[in-house]
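Listed below, chain by chain, are the residues.
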Amino acid sequence: GIGKITIKGSIEGDLIHIEIIDNGYGMLPSKIQEIYDSFKNPQIHQGVGIKNVYDRLKIYYGEQADIKITSTLDDGTTIHIFIPLEAAKKHEI
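(A) View of the packing of aromatic side chains. Scanning all chains against the criterion turns up three aromatic pairs. Pairing Tyr-36 with Phe-39 gives two aromatic rings, centres 6.1 Å apart and planes at 55°, and the pair type is tilted. Pair noted here: Tyr-36 and Phe-39 are both in helix 1 (residues 29–40), with a separation of three residues, about one helical turn. The class of Phe-39 is buried, set by a relative accessible area of 8%. Ring geometry for Phe-39 and Tyr-54: centres 4.1 Å apart, planes at 10°, overall stacked. Of the two residues, Phe-39 sits in helix 1 while Tyr-54 sits in helix 2 (residues 48–61), which places them 15 residues apart along the sequence. Of the two residues, Phe-39 and Tyr-54, both sit in the buried class. Here the aromatic residues Tyr-36, Phe-39 and Tyr-54 are joined through ring pairs into a cluster of three or more.

If you want it as structure tokens, here you go:
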């Protein structure tokens, strides 16, 4: 089928929640864990682009900022980005 990416945003309590949703092949839990491991270990080079986003989120918005990944094989993947609302206000242009 046709590839589709949907972006949603909401405020949940004191967090901004951004969802990037695709309808691709999805990922195994082991692949998601490899990406999470790369966030914490600079020697691991899985998902380099998302690691860069993760690192910048932490620099700009602090420890409360986070990325979570949910995925279902043959149904797609969702990247959840969480940004503390107060920290985001400090970085307004």
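(B) Broad picture of the pattern of salt bridges. Going through the model one piece at a time under the given rule, you end up with four salt bridges. The partner of Lys-51 in a salt bridge is Asp-55, with the nearest N and O atoms 3.2 Å apart. Taken together, the residues span about one helical turn, with Lys-51 and Asp-55 both in helix 2 at a distance of four residues. Look at Lys-51 and you get buried, because its relative accessible area is 16%. Residue Glu-63 pairs with Lys-58 through a salt bridge whose shortest N-O separation is 3.7 Å. For Lys-58, a relative accessible area of 16% translates into the label buried.

(C) Local environment of the pairing of strand 2 (residues 15–22). A one-sided burial pattern is seen for strand 2, the buried positions being Leu-15, His-17, Glu-19 and Ile-21 and the unburied ones Ile-16, Ile-18, Ile-20 and Asp-22. For strand 1 (residues 5–12) and strand 2, the ladder comprises eight bridges, and the chain directions are antiparallel. Residue pairing across strands places Gly-9 opposite Ile-18, the latter belonging to strand 2. In this antiparallel pair of consecutive strands, strand 1 and strand 2, the connection spans two residues, and Gly-13 shows a positive phi of 65°.

The rules behind each value
Residues numbered from 1 in each chain as written. Predicted model: local features only at pLDDT ≥ 70, side-chain atom pairs only at ≥ 80, totals over all residues. Heavy atoms only, no water. Phe/Tyr/Trp six-rings, centres within 6.5 Å; stacked < 30°, edge-to-face > 60°. Helix = DSSP H or I, 4+ residues; strand = E, 2+ residues; numbered from the N terminus. Buried < 20%, exposed > 50% of the residue type's maximum accessible area, 1.4 Å probe, protein only. Salt bridge = Lys/Arg side-chain N within 4 Å of Asp/Glu carboxyl O. Pairing = 2+ DSSP bridges.

Read these as geometric descriptors, not functional statements.
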